[in-house]
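Listed below are the residues making up each chain.
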Amino acid sequence: MTPLQEAAAQLRAVLEREAAAARQAQLPDLMALIGEKRRALTRLAQAGAPQSQAERDSLAAMMRAAEENALVLGAVAGALETVRERLRQDVAGAADPGLYGPPAGPRRRRLRHTLAASLDRQA
C-alpha cells in the first residue's frame, strides 16, 4: 500500500467514525475526532497526487465517505438549528410581560420587553 493509499484509508476511517458519532449525537466523540481528521488531512496532502489507478480508487472511496459525512453533519446542524429556534421562541413567549399584564385595554405606560429581549438574545 502506497503512502497515498494509507493516508486516504486513514482519512476515510476517521470520516466514517465521525459520521457514526454524529448519527448517535456523541458530541464529545465528534470533538475528539477533529484533531484526528486534521492530522489525516495533513498526511493526505503531503502524500501528493495519485499516480496509479489503485491510488485514485482509494481517493474515490475516501470522497464517498466525505460526502456521506457532510450529509450527516448537515442534517445534525439542521436539527440543532431547529431546536435552537424553537427554544428561542418558547423562551421569548414565556418572558413576554404582556402575558402576565392586565387584561387588554388602554394602558398609561407601555410594557417594557427588556427581559424578553435579553432572554431572546441569550437563547
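Note: the structure precedes this text.
Residues numbered from 1 in each chain as written. Predicted model: local features only at pLDDT ≥ 70, side-chain atom pairs only at ≥ 80, totals over all residues. Heavy atoms only, no water.

Asker: So what's going on with the pattern of salt bridges? Which residues, and what values?
Answerer: Note that side chains of opposite charge can pair when their charged atoms are close. With the rule as written, the count across this model stands at eight salt bridges. One salt bridge connects Arg23 with Glu68, and the closest N-O pair in it is separated by 2.3 Å. Taken together, the positions of Arg23 in helix H1 (residues 3-23) and Glu68 in helix H3 (residues 53-95) put the pair 45 residues apart, joining distant regions of the chain. Here Glu68 falls in the partly exposed class, since its relative accessible area comes to 39%. (Salt bridge = Lys/Arg side-chain N within 4 Å of Asp/Glu carboxyl O. Helix = DSSP H or I, 4+ residues; strand = E, 2+ residues; numbered from the N terminus. Buried < 20%, exposed > 50% of the residue type's maximum accessible area, 1.4 Å probe, protein only.)

Asker: Can you lay out H1 for me, pointing to particular residues and giving the numbers?
Answerer: Its 21 residues place the ends of H1 30 Å apart at the C-alpha level, agreeing with the 30 Å of an ideal helix rising 1.5 Å per residue. When we look at burial in H1, the residues that qualify are Leu4, Gln5, Ala7, Ala8, Leu11, Val14, Leu15, Glu18, Ala19, Ala21 and Ala22. Check the buried side of H1 and you find it contacts helix H2 (27-47) and H3. Residue Ala25 follows H1 closely and has a positive phi angle near 55°. (Expected span 1.5 Å × (residues − 1). Contact = heavy atoms within 4.5 Å.)

Asker: Before we move on, could you go through H3 and cite the residues and values that matter?
Answerer: Over its 43 residues, H3 runs 62 Å from end to end, which matches the ideal 63 Å to within 8%, given 1.5 Å per residue. Taken together, the buried positions of H3 are occupied by Glu55, Ser58, Leu59, Ala61, Met62, Ala65, Asn69, Val72, Arg88 and Ala95.

Asker: How would you sum up unusual backbone geometry? Please name residues and give values.
Answerer: Look at Ala25: it is not a glycine, yet its phi comes out positive at around 55°. Mapped onto the secondary structure, Ala25 falls in the loop between H1 and H2. On the basis of relative accessible area, Ala25 is assigned to the exposed category, the value being 60%.

Asker: Hey, could you go over the nonpolar core for me, with residue numbers and the actual values?
Answerer: Among the nonpolar cores identified, the biggest contains ten residues, and these are Leu4, Ala7, Ala8, Leu11, Leu15, Ala40, Leu44, Leu59, Met62 and Ala65. Elements supplying a minimum of two residues to this core: H1, H2 and H3. Membership of the second largest hydrophobic core comes to five residues, among which are Ala19, Ala21, Leu30 and Val72. (Core = buried A, V, L, I, M, F, W, Y, C linked by side-chain atoms within 4.5 Å.)

Any link to function would need more than the numbers given here.
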